[in-house]
Amino acid sequence: GISCDDEGHVTGIDLRDNNLVGQFPVYTRGDAIDFWGIPVPESHWYLTKYGLANLYELKTLDLAENKLTGTIEYRPLYNLHELTHFDISGNQLSGEVEALIAPSVKYADFSNNGFTSMRRF
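In short, a report on the structure. For every chain, the first residue of the written sequence is number 1, and numbering continues from 1 along that sequence. Local features are withheld for residues below a pLDDT of 70 in this predicted model, meaning they are given only at 70 or higher, and side-chain atom pairs are given and counted only at 80 or more; totals for whole chains, interfaces and linings count all residues. Here the side-chain values reflect all heavy atoms present in the structure, with hydrogen atoms and water set aside.

### As for the pairing of strand 7 (residues 67–70)
Each residue gets one of three labels from its accessible area relative to the maximum for its type: buried under 20%, exposed over 50%, partly exposed in between, using a 1.4 Å probe on protein chains only. For the purposes of this entry, the term helix denotes a DSSP run of H or I that reaches at least four residues, the term strand denotes a run of E that reaches at least two, and both are numbered from the N terminus. The side-chain alternation of strand 7 yields one buried face, formed by Leu68 and Gly70, and one unburied face, formed by Lys67 and Thr69. Summarising the sheet, strand 3 (residues 21–23) and strand 7 pair through three bridges and their orientation is parallel. When the sheet's bridge partners are listed, glycine 22 is paired in strand 7 with leucine 68. At least two bridges found by DSSP between two strands are what make those strands a pair.

### Comments concerning the pattern of salt bridges
Every case where a carboxyl oxygen of Asp or Glu lies within 4 Å of a side-chain nitrogen of Lys or Arg is listed as a salt bridge. Per the stated rule, a full pass over the model turns up two salt bridges. For arginine 16, the salt bridge identified is with aspartate 62, shortest N-O distance 3.0 Å. Residue arginine 16 is found in the loop between strand 2 (10–14) and strand 3, and its partner aspartate 62 is found in strand 6 (residues 60–62); the two are separated by 46 residues along the sequence. Residue class for aspartate 62 comes out buried when judged on its relative accessible area of 9%. Close ionic contact of aspartate 87 with arginine 16 constitutes a salt bridge, the shortest N to O distance being 2.6 Å. Taken together, the residues span a long stretch of sequence, with aspartate 87 in strand 8 (residues 85–87) and arginine 16 in the loop between strand 2 and strand 3 at a distance of 71 residues. Through salt bridges with shared partners, one network takes in Arg16, Asp62 and Asp87.

### Remarks on the sheet that holds strand 6
Taking strand neighbours across the sheet as the criterion, the five strands line up as 1-2-6-8-10 in an open arrangement whose pairing is mixed. The open sheet is flanked by strand 1 (2–4) and strand 10 (107–109), the only strands paired with a single partner. Taken pair by pair, the neighbouring strands of this sheet meet at an average axis angle of 15 degrees, ignoring direction. Of the strand pairs in this sheet, strand 1 and strand 2 are connected by three bridges, and their pairing is antiparallel. Looking at strand 2, one finds that serine 3 is bridged to glycine 12. In this description, a line fitted to the C-alpha atoms serves as the axis of each element, helices being fitted only across the stretch in contact, and the angle between N-to-C directions of two axes falls anywhere from 0 to 180 degrees.

Okay, structure coming up:
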């Protein structure tokens, strides 16, 4: 389920073994444009995030044992400074994992996916 604090901020997402199918839900818009129609430069990627990347109070994220696919981009997750628990084990994720999630993470499980390698920073 979804947990919130007293102010209504999402603090926990536990959707383990919920038959979720599709892309891993952290999104940035690579081709974003600003209010005046000017493309947002790569150095301002934080202006293009949405989805999980905007849940600044998120402490736990458990999406294990589903059918999530795609890759994981570290930048949106790195800015979730309250995140302490991150479990995406048992999905169908692939590619290279950039293992820089968030400095606050105490537990992370990437096992049982199709990752080709882990890059550490």
